[in-house]
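# Residue-level structure breakdown
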Amino acid sequence: MSAEQYRRTVNTLDREIAGLEKKRAAADKKAADENKKAANISISKTASESTIRSKQRQIAGHTQAAIKAQQESASITAKIASKKEKR
């Protein structure tokens, strides 16, 4: 391959890595936001049983969303590592 082809390949990989890093940052932010939402849900001592269950479902939902975002971030991190290795 010529030097120009190598340069284009490297530039393409750099753009792909930058795009993946943006996606990873977005996934990390979403995970942090979901964790914050779960932490901000409060259950009063006088809440009814149905209210408590509802709040617990909300917390569980936010926690699951955070876990999913963290898994997505980990997957993207693996892709970034692969691209950097190719580079």
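Look up: the structure comes first, before these words.
A brief structural summary. (Residues numbered from 1 in each chain as written. Predicted model: local features only at pLDDT ≥ 70, side-chain atom pairs only at ≥ 80, totals over all residues. Heavy atoms only, no water.)

## Some thoughts on the overall build of the chain
On a plain count of helices and strands, the chain comes out with 2 helices and 0 strands. Over its C-alpha trace the chain gives a radius of gyration of 21 Å, far above what one expects of a compact globule, namely 12 Å for 87 residues. Referenced to the eigenvectors of the C-alpha coordinate spread, the extents of the chain come out at roughly 75 × 15 × 10 Å. Among the 87 residues that make up the chain, the fraction classed as buried is 15%. Taking contacts inside the chain between residues at least 6 apart in sequence as the whole, the part at least 24 apart equals 79%. Looking at the chain as shown, the accessible area adds up to about 6,500 Å², and 51% of this sits on carbon and sulfur atoms. (Helix = DSSP H or I, 4+ residues; strand = E, 2+ residues; numbered from the N terminus. Rg over C-alpha atoms; globule rule 2.2 N^0.38 Å. Buried < 20%, exposed > 50% of the residue type's maximum accessible area, 1.4 Å probe, protein only. Contact = heavy atoms within 4.5 Å. Areas by Shrake-Rupley, 256 points an atom, 1.4 Å probe, with all protein chains shown as cover.)

## What about the packing of helix H1 (residues 3-40) against helix H2 (residues 49-86)?
Interaxial distance between H1 and H2 falls to 8 Å at its minimum, and their mutual angle equals 160°. The angle between the axes of H1 and H2 places the two elements in the roughly antiparallel class. By crossing handedness, the relation of H1 to H2 is classed as left-handed. (Axes fitted to C-alpha atoms, helices over the stretch in contact; angles between N-to-C directions. Parallel < 35°, antiparallel > 145°, perpendicular 65-115°, else oblique. Left-handed = near helix turned anticlockwise from the far one by under 90°.)

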